Number of protein chains: 2
Amino acid sequence: MRLTSKGRYAVMALVDLARFDGINPVSLRDISLRQSISLDYLEQIFSKLRKKEIVQSVRGTQGGYILNRKAKEIKLTNIFDAVDEKVKTVQCKKESKKGCNGKSTKCLTHNLWDELETHINNFFDKKSLDDLVKENFERRL
Amino acid sequence: MRLTSKGRYAVMALVDLARFDGINPVSLRDISLRQSISLDYLEQIFSKLRKKEIVQSVRGTQGGYILNRKAKEIKLTNIFDAVDEKVKTVQCKKESKKGCNGKSTKCLTHNLWDELETHINNFFDKKSLDDLVKENFERRL
DNA sequence: ATGATACTTGACTATTTTGGTCAGGTTTAT
DNA sequence: ATAAACCTGACCAAAATAGTCAAGTATCAT
Ligand code: FES
Ligand code: FES
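What counts and what doesn't
Residues numbered from 1 in each chain as written. Chains lettered and ligands numbered in written order. Predicted model: local features only at pLDDT ≥ 70, side-chain atom pairs only at ≥ 80, totals over all residues. Heavy atoms only, no water. Near = heavy atom within 4 Å. Polar contact = N/O pair within 3.5 Å; in protein donor to acceptor, adjacent residues only side chain to side chain. Helix = DSSP H or I, 4+ residues; strand = E, 2+ residues; numbered from the N terminus. Nonpolar A, V, L, I, M, F, W, Y, C, P; charged D, E, K, R; others polar. Contact = heavy atoms within 4.5 Å. Buried area = accessible area lost by both parts, 1.4 Å probe. Salt bridge = Lys/Arg side-chain N within 4 Å of Asp/Glu carboxyl O.

S.K.: Go over the protein's contact with DNA strand D, please, and point to the residues and values.
M.R.: Contacts to DNA strand D come from 26 residues, most closely from Ser57(A), Tyr65(A), Ser38(B), Gln44(B) and Arg59(B). Close to the protein, within 4 Å, the atoms of DNA strand D belong to sugar or phosphate groups at a rate of 64%. Between DNA strand D and Thr61(B), the relevant distance is 3.0 Å, taken from a base oxygen to a side-chain nitrogen or oxygen of the residue. Those elements that provide at least two residues to the surface near DNA strand D are α2 (28-35), α3 (39-51), β1 (55-58) and β2 (64-67) of chain A together with α1 (5-19) and α3 (39-51) of chain B. Tallied by class, the residues present in the surface near DNA strand D amount to six nonpolar, 13 polar and seven charged.

S.K.: I'd like to hear about the interface of chain A and chain B, residue by residue, with values.
M.R.: It is common to give the size of an interface as the accessible area lost on bringing the parts into contact. On the chain B side, the residues contacting the 45 residues of chain A number 45 residues. Across the interface of chain A and chain B, roughly 3,900 Å² is buried in total on both sides, 61% from carbon and sulfur atoms. The three residues of chain A that bury the most area against chain B are Met1(A), Leu108(A) and Phe123(A), which together make up 22% of that side's buried surface. Viewed at the interface, chain B and chain A are joined by two salt bridges. A salt bridge links Glu115(A) to Lys127(B); the shortest N-O distance between them is 3.1 Å. Taken together, chain A and chain B are joined by 20 residue pairs in polar contact (both at pLDDT 80 or more). For the side of chain A that touches chain B, the secondary structure elements donating two or more residues are α1 (5-19), α2, α4 (76-82), α5 (110-126) and α6 (129-140) of chain A. Take the side of chain A that touches chain B: its biggest share by element is nine residues, from α5(A). When its residues are assigned to classes, the side of chain A that touches chain B shows 20 nonpolar, 11 polar and 14 charged.

Given below as C-alpha cells:
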C-alpha cells in the first residue's frame, strides 16, 4: 500500500499555495523551485485541480494559481479525487454482485477491504488544507 | 493508494486455511481451487509466510499447511509484514533528517503522511485472523 | 518399491502503473 | 513586442506487480 507521488505532490503544492492565499497568485515555477517538483509534472497536476475547481488560474505575466474555495473547505478527499489518487482496496467491482474470484458471491475478504477503505477515507475526509497550513505553522514556533 | 494482490491473496488464503485449523493440513491446491488464486503464486506467498513462522508446512501426500500460531494471535500486521506488503506513505527515508525534497528539513507534508501511516497501521494491528473467520461465519447466518 | 501428492526454490517474463519529459502552443501584464 | 506564465497532448523509461515456468525434494498410501 503506497501513496503515489502525484497525490503527495498535489497536497504539497497546495499547502505551499495556500500559505500565500489572498496575497497574490502563486506561479508553478515558484512552487517547483521551493518544493523541488518538476514544473512539467506540476502543470499536469494543476490542470486536474483546475478542472475540479480546487484552484483558479490567472494567466499572463505575474499570473499563477489561487485557491478557488476557502482552505477550510478543501478536504484531502477533494484533492485526491481531483488528481485520481483513489483509495482502492477491493479487487472486484463494488456494484457488481460477483466476487473478485469470478464467483457469484463476494470473496472471503471483501468485507474487510471495504472496511479498510472506509477507515482510510475517514482520515482524508477530516483533514482540510487549512488544517495543514496551521499545523505546519505551529511546528515552526 | 491501492492494496496489491499479494497482500489480498495472503489474507484470503489464510482465512481459508484458518477455517480448517486443527482439523487437517490444507493443501495449496485446494486453496487455489476454492479461492481462484494461481497455485504457483500461492507457493511464493506461502514460502514467505512459512519463513516468518505464520504457517507450518506438512510435506508428502495429505500434506499441506497449518497455522503455526493461534488465529487470535495472528494480526493482519504480521501477515502483511511477512509478504512485504508494507504501508508506505512518506517519500523520504524516515531515519534521515533530510526531506524528500533533498533539503535539510522535512517537507511540508511529511508529518501528514506519517499520521496517515499510523492511522492505517492501527487498523491492521487490531484485526486478527480469528476476527476474520468469525465475521465471515456470522455473515453466513 | 513406486507412484502420486504436495511442498520448495529460483529464475524468468509480460503487463501495468508510475513518474515523469518534451514540444508546441495561448494569454496577458508591462 | 516580449517575457512570464498557463495549457495541452503525446511520448517514454523505469519500477512495481502479478504472475508463469522448470526442476526439483519429501512423504505417504498402497
Ligand atoms: S475483493 Fe470484492 S470479492 Fe474479493
Ligand atoms: S515525505 Fe518525508 S520529507 Fe517529504
